[in-house]
Amino acid sequence: QVRLVESGGGAVQAGGSLRLSCAASGRSFSSETMGWFRQAPGKAREFVASIRWNYGHIYYSDSVKGRFTISGDNAKSTVYLQMNSLKPEDTAVYYCAAGAGAFIATNPSTYIYWGQGTQVTVSS
């Protein structure tokens, strides 16, 4: 059974940092793309960042580029999202996703597996 379990969410003030983790189990995703998405209340799920481990390919949305860093530990089957210089508009539930075949996968429908989400709240 494939599981993605996120952790690391919380509440911070603007300018602060958080590190999200996504632990995958049940199969390897080393040859597929894993990503982070977020969804704010009343809004569509939004692409944040993705990583393709076996090629080291990384892609960011323009809204987080330069502030967020995605990385992975293949041995631990874990993907991280380091979030710095957080802004109130970053407030959302953050989801880990896996199983996309494309190198750049920004559409949530291209991912097969999803975590349960972790809340990030940034206050001004």
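In this report, the structure presented in the accompanying data block is examined. (Residues numbered from 1 in each chain as written. Predicted model: local features only at pLDDT ≥ 70, side-chain atom pairs only at ≥ 80, totals over all residues. Heavy atoms only, no water.)

In this structure, Met-34, Trp-36, Leu-81, Met-83 and Tyr-94 are the most contacted members of the largest nonpolar core, which totals 28 residues. At the level of elements, β3 (18-25), β4 (33-39), β5 (46-52), β7 (68-73), β8 (78-83), β9 (92-100) and β11 (118-123) are the ones that each hand at least two residues to this core. The residues touching Tyr-94, leaving out its near neighbours within four places in the chain, are Glu-6, Leu-20, Trp-36, Phe-37, Arg-38, Val-48, Phe-68, Leu-81, Met-83, Gly-117, Thr-118 and Val-120. Core analysis: the second largest hydrophobic core is formed by 6 residues, Phe-37, Ala-97, Ala-100 and Tyr-111 among them. (Core = buried A, V, L, I, M, F, W, Y, C linked by side-chain atoms within 4.5 Å. Buried < 20%, exposed > 50% of the residue type's maximum accessible area, 1.4 Å probe, protein only. Helix = DSSP H or I, 4+ residues; strand = E, 2+ residues; numbered from the N terminus. Contact = heavy atoms within 4.5 Å.)

Scanning the model with the defined rule gives 8 aromatic pairs in all. A ring pair is formed by Phe-29 and Tyr-113, whose centres lie 5.6 Å apart and whose planes are at 65°; its orientation type is edge-to-face. Of this pair, Phe-29 sits in the loop between β3 and β4 while Tyr-113 sits in strand β10 (residues 113-114), and the two are 84 residues apart along the sequence. Aromatic side chains Tyr-111 and Trp-114 sit 6.1 Å apart centroid to centroid with 65° between the ring planes, which places their arrangement in the edge-to-face category. (Phe/Tyr/Trp six-rings, centres within 6.5 Å; stacked < 30°, edge-to-face > 60°.)

Below, the discussion takes up the pattern of salt bridges. Under the counting rule described, the total for this entry stands at 5 salt bridges. For Glu-32, the salt bridge identified is with Arg-27, shortest N-O distance 2.0 Å. The buried category is assigned to Glu-32, whose relative accessible area is 15%. With a relative accessible area of 29%, Arg-27 lands in the partly exposed category. The partner of Lys-65 in a salt bridge is Asp-62, and the shortest N-O contact between them spans 3.2 Å. (Salt bridge = Lys/Arg side-chain N within 4 Å of Asp/Glu carboxyl O.)

Here the phi dihedral of Ser-85 falls at roughly 50°; this positive angle occurs in a residue that is not glycine. The residue Ser-85 is located in the loop between β8 and β9 in this model.

It is worth spelling out the sheet that holds β8 at this point. Spatially, 4 strands are ordered β1-β3-β8-β7 in an open sheet, and the strand pairing comes out antiparallel. The open sheet has two free edges, formed respectively by β1 (3-7) and β7, since each of these has just one partner strand. Averaged over all adjacent pairs, the angle separating strand axes in this sheet is 15°, with direction ignored. For β1 and β3, the ladder comprises 5 bridges, and the chain directions are antiparallel. Bridged to Arg-3 within β3 is Ser-25. (Pairing = 2+ DSSP bridges. Axes fitted to C-alpha atoms, helices over the stretch in contact; angles between N-to-C directions.)

Now for the side chain of Glu-6. Along the chain, Glu-6 falls in strand β1. There is no salt bridge for the buried Glu-6, and the closest opposite charge comes from Arg-45, which lies 7.6 Å off by N-O distance. A polar side-chain atom of Glu-6 sits 2.7 Å from the main-chain amide nitrogen of Cys-96. Here the side chain of Glu-6 touches Gln-116 through a polar contact of 3.0 Å, landing on its backbone nitrogen. Residues within four places of Glu-6 in sequence aside, it is in contact with Ser-21, Cys-22, Trp-36, Tyr-94, Tyr-95, Cys-96, Gly-115, Gln-116, Gly-117 and Thr-118. (Lys, Arg positive; Asp, Glu negative; His and termini not counted. Polar contact = N/O pair within 3.5 Å; in protein donor to acceptor, adjacent residues only side chain to side chain.)

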